[in-house]
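Fold and contact review
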Amino acid sequence: MKKKLLIVVDYQNDFVSGSLGCPQAVAIEDALAAKIAAYRALGEEGQIIFTMDTHEKNYLETQEGQNLPIAHCIRNTDGWPLYGKIRALKQEEDLVFSKPTFGSLELADYLRNRGCEYESVELAGVVTNICVISNMVITKAAMPEVPILIDTACVASNDDALDEAALKVMESMHVKVQR
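A quick note: this is a predicted structure, and the numbers were derived from the prediction, not measured.

What follows concerns the overall build of the protein. In terms of helices and strands, the protein carries eight helices and six strands. The order of α-helices and β-strands along the protein, N terminus first, is β-α-α-α-β-α-α-β-α-β-α-β-α-β. The C-alpha radius of gyration computed for the protein amounts to 15 Å, which stays within 12% of the reference 16 Å derived for 179 residues, consistent with globular compactness. Seen through its principal axes, the protein has C-alpha atoms that stretch 45 × 35 × 30 Å. Looking at the protein as a whole, 49% of its 179 residues are labelled buried. Summarising the internal contacts of the protein: among those between residues at least 6 apart in sequence, 77% fall at separations of at least 24. Surface accessibility of the protein: about 8700 Å² in total, with carbon and sulfur atoms responsible for 53%.

Before going further, it helps to examine the sheet that holds strand β5 (residues 148-156). Remark on secondary structure: sheet strands pair via backbone hydrogen bonds, oriented parallel or antiparallel. The strand order β3-β2-β1-β4-β5-β6 describes an open sheet built from six strands, whose pairing is parallel. Only two strands of the sheet have a single partner each, and these edge strands are β3 (95-99) and β6 (176-178). Along the sheet, successive strands turn relative to each other by an average axial angle of 20 degrees, direction set aside. In terms of strand pairing, strand β1 (residues 3-9) meets strand β4 (residues 118-126) through seven bridges, oriented parallel. Within the sheet, the bridge partner assigned to K4 lies in β4 and is S120.

The next thing to look at is the packing of aromatic side chains. Each aromatic ring pair is specified by the distance between its two centres and by the angle formed by the two planes. Considering all chains together, one arrives at two aromatic pairs under this definition. With 5.8 Å between their ring centres and 80 degrees between their planes, Y11 and Y83 make a pair best called edge-to-face. Linking Y11 in the loop between β1 and α1 (13-16) with Y83 in the loop between α4 (63-67) and α5 (84-89), this pair joins segments that are 72 residues apart in sequence. Accessibility assignment for this pair places Y11 and Y83 in one class, buried. Taking NZ or CZ as reference, R114 lies 3.9 Å from the ring centre of Y110, over its face.

Within the secondary structure, N67 is located in helix α4. Separated by 13 residues in the primary sequence, N67 and T54 have C-alpha atoms spaced 17 Å apart. Polar contacts involving the side chain of N67 include one to the main-chain carbonyl oxygen of Q63, which spans 2.8 Å.

Each value, and the rule that gives it
- Residue positions are given per chain, counted from 1 along the sequence in the order it is written.
- Two thresholds apply to this predicted model, a pLDDT of at least 70 for residue-level local features and 80 or more for giving and counting side-chain atom pairs, whereas whole-chain, interface and lining totals are computed over all residues.
- Processing note: side-chain calculations cover all non-hydrogen atoms of the structure and skip hydrogens and water entirely.
- For helices the rule is a DSSP run of H or I covering at least 4 residues; for strands it is a run of E covering at least 2, with both sets numbered from the N terminus onward.
- Only C-alpha atoms enter the radius of gyration, while the globule expectation follows 2.2 Å times N to the 0.38, with N the number of residues.
- Between buried and exposed lies partly exposed: a residue is buried under 20% and exposed over 50% of the maximum accessible area for its type, with that area taken using a 1.4 Å probe on protein chains only.
- The criterion used for residue contact is that any of the two residues' heavy atoms lie within 4.5 Å.
- Residue burial considers only the protein chains on display, and all accessible areas are found by Shrake-Rupley using a 1.4 Å probe.
- Strands are labelled as partners when DSSP assigns at least two bridges between them.
- Axes here refer to lines fitted to C-alpha atoms; in helices the fit is confined to the stretch in contact. Angles between the N-to-C directions go from 0 to 180 degrees.
- Stacked, tilted and edge-to-face are the three classes assigned to paired rings of Phe, Tyr and Trp, where Trp is represented by its six-membered ring and a pair needs centres within 6.5 Å; plane angles under 30 degrees give stacked, over 60 edge-to-face, the rest tilted.
- As a reminder, the over-ring test applies to NZ of lysine and CZ of arginine, requiring each to be within 6 Å of the ring centre and within 35 degrees of the ring normal.
- Residues adjacent in sequence count toward polar contacts only when both atoms are side-chain atoms; beyond that, a polar contact is any pair of N or O atoms within 3.5 Å, and within protein one must be able to donate a hydrogen and the other to accept it.

As structure tokens, this is what we get:
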């Protein structure tokens, strides 16, 4: 039995309503909650993984912090937890990969050699043009033969033009973008 995997990328307070929040991220909450519920309804044929942007107090001293000097997702602050309904939908058995940068190498390590377990992988969350696309590339590299899906109702960016550009780049990399 092959599973369908949903990877929820960085749907955390700071990216939705906090220091890097935006109306586009708020707007996908219900669709993302419905997507999680649909994967839960699959029972053992569905799996959900969460990634969490996780920075330390020295964030502004890092390369990312120097290029994006807005403190966000600092471990154990109010901006770090999952946001709203999504926080309530996370279950204890769901894997969570904390990541100090855009893509998660731990996610890649987990997915490597597991391609035979999955029928498909769907990515959702924020930010489409940074962390979603980074983790898509990592997923594709770890499991090149597993179809990857993106539902545009379940991803968001604070820049609509970059959101659309990222979706087009992912389509060029053989991702099935559902509009």
